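Residues per chain are reported as follows:
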Amino acid sequence: MEKLALRRGLFYEGDTQDLRAIHPTPVISPISCAFITPVDRDDVVFREDSFDPVTRIRRGRLYVRNGSGPNEWFPGRVDHGHYHPYFPGETRPGSSWIADLSYDAWQANNVKPEDINGQIVQVGAHGYVTPWCIVGAERIAIGHILLTFRANSLLGVIPELASAITDKSGNAVDLKPVQTALDSLVDTFHRQQATPTVDVARETARVVLAAWVGESARGKDLGKVIRQIPCTEGAAPSPESRCLTHWAASIVNRLHPRGKSAEQESQNVNLRPVIDEDAEVSVHLVGMLLREIGWAQS
């Protein structure tokens, strides 16, 4: 199946001798990848084999457009399957079945797995694109490279992190641990129940605010970090006042014990249990924190 061919809106797969129609029609998308440099070929496409909207994982293979090779097959070697299209003139002796476009399966020649994993690719075209991170590459039995993509977008749950962030004193902050915490929160939000989501939201808020406060918050629990966020209430609050940040973080912090039976027993009170709506609130409050401290992408 090293060949992928397109004819009148139908996709076929096979080799240089035989083709068969693909049913149902696969999802084929243009893709931009830094590790493929086309030579005498002008298009790369991603053929999606599976997609999980919960985990935001796509798996599929890459094909490179054949811009110079033959795009013709003997009509008797093309299996149209469910479609049975009839093209006048193709049954005459010496006639050919000619594809509108044909692609070759991408082979990772001179490209190592470490050159692929972690790369960000853009799926789509003409401005309608989404970023995806390659988290796995494996060679399957037919020789193709099967790629696993994870969505690089936070899907509107919380804002995208700015390309450069600073703490409240203006010093540069390392993006990696903050982005890792945000990715973990989004994955948990899509896959876990309410209590684990609130727990991860609290930890993410701690990572974000500890990095924003600076060295004095290093290694401290969220409750102690919150105490270092200035909040001056009144008719004329201080210019340095960050009450909204303080309050949002406090709510995330207060939701955390509600999912802990030991905490409820130690306080000897009947705390309302955490529900799905509370989990959503905690995640959106983390988004508010990013916007309030200026770390959201504009």
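Structure shown above.
Now for a look at the structure at hand. (Residues numbered from 1 in each chain as written. Predicted model: local features only at pLDDT ≥ 70, side-chain atom pairs only at ≥ 80, totals over all residues. Heavy atoms only, no water.)

### Regarding the overall build of the protein chain
A count of helical and extended segments in the protein chain gives seven helices and 15 strands. Taken over 298 residues, the protein chain has a buried fraction of 42%. Put simply, of all contacts in the protein chain between residues at least 6 apart along the chain, 55% involve residues at least 24 apart. Just so you have it, the protein chain exposes about 16400 Å², and 49% of that area is on carbon and sulfur atoms. (Helix = DSSP H or I, 4+ residues; strand = E, 2+ residues; numbered from the N terminus. Buried < 20%, exposed > 50% of the residue type's maximum accessible area, 1.4 Å probe, protein only. Contact = heavy atoms within 4.5 Å. Areas by Shrake-Rupley, 256 points an atom, 1.4 Å probe, with all protein chains shown as cover.)

### Let's talk about the packing of helix H2 (residues 175–191) against helix H3 (residues 194–213)
It is at 9 Å that the axes of H2 and H3 come closest, and there the two elements cross at 165 degrees. Comparing their axes, H3 and H2 come out roughly antiparallel. Crossing of H2 against H3: the hand is left-handed. Together, Pro177, Val178, Ala181, Leu182, Ser184, Leu185, Thr188 and Phe189 of H2 and Pro196, Thr197, Val200, Ala201, Thr204, Val207, Val208 and Ala211 of H3 make up the contact between the two elements. Here the residues of the contact of H2 with H3 sort into 12 nonpolar, four polar and no charged. (Axes fitted to C-alpha atoms, helices over the stretch in contact; angles between N-to-C directions. Parallel < 35°, antiparallel > 145°, perpendicular 65-115°, else oblique. Left-handed = near helix turned anticlockwise from the far one by under 90°. Nonpolar A, V, L, I, M, F, W, Y, C, P; charged D, E, K, R; others polar.)

### Describing the pattern of salt bridges
Scanning the entire structure with this criterion turns up 12 salt bridges. Residue Arg65 pairs with Asp43 through a salt bridge whose shortest N-O separation is 3.1 Å. Of this pair, Arg65 sits in strand E6 (residues 57–65) while Asp43 sits in the loop between strand E4 (27–32) and strand E5 (44–52); the two residues are 22 residues apart in sequence, bridging distant segments of the chain. Asp43 gets classed as partly exposed once you look at its relative accessible area, which sits at 29%. (Salt bridge = Lys/Arg side-chain N within 4 Å of Asp/Glu carboxyl O.)

### Points about the packing of H3 against helix H7 (residues 276–292)
The contact between H3 and H7 brings their axes to 8 Å, and the two run at 15 degrees. With respect to H7, the axis of H3 lies roughly parallel. Seen from above, H3 lies across H7 with left-handed handedness. Residue-level inspection shows Ala194, Thr197, Val198, Ala201, Thr204, Ala205, Val208 and Leu209 of H3 in contact with H7, the latter providing Asp276, Asp278, Ala279, Ser282, Val283, Val286, Leu289 and Leu290. When grouped by side-chain class, the residues that make up the contact of H3 with H7 number 11 nonpolar, three polar and two charged.

### What about the state of the cysteines?
Counted under the stated rule, the structure contains one disulfide. Shown here is the disulfide that connects Cys231 with Cys243, its sulfur atoms set 2.2 Å apart. Here the disulfide of Cys231 and Cys243 is right-handed, its torsion about the S-S bond being about 105 degrees. Taken together, the positions of Cys231 in the loop between helix H4 (222–226) and helix H5 (243–255) and Cys243 in helix H5 put the pair 12 residues apart, joining distant regions of the chain. (Disulfide = S-S within 2.5 Å.)

### Looking at H5
Look at H5: 18 Å from first C-alpha to last across 13 residues, which is about the 18 Å you get at 1.5 Å a residue. Along H5, the residues that are buried comprise Cys243, Thr245, Ala248, Ala249, Val252, Asn253 and Leu255. (Expected span 1.5 Å × (residues − 1).)

### Some remarks on the nonpolar core
Judged by nonpolar contacts, the single largest core of 32 residues is most densely connected at Leu209 and Trp295. Elements supplying a minimum of two residues to this core: H2, H3, H4, H5 and H7. If we skip the residues at most four places from it in the chain, Trp295 touches Glu160, Leu161, Ala162, Ile165, Thr166, Val173, Val178, Val208, Ala211, Trp212 and Leu290. Counting 20 residues, the second largest nonpolar core, distinct from the first, contains Leu62, Val64, Val123 and Ile134. (Core = buried A, V, L, I, M, F, W, Y, C linked by side-chain atoms within 4.5 Å.)

### A short note on the pairing of E6
Pairing between E5 and E6: eight bridges, direction antiparallel. Note on E6: the bridge partner recorded for Ser50 is Arg59. Hairpin connection, E5 to E6: the antiparallel pair is bridged by four residues, and Arg56 has positive phi, about 60 degrees. Sheet topology note: the E6/strand E10 (residues 101–105) ladder contains three bridges and is antiparallel. Opposite Tyr63, over in E10, you have Ala105 as the bridge partner. (Pairing = 2+ DSSP bridges.)

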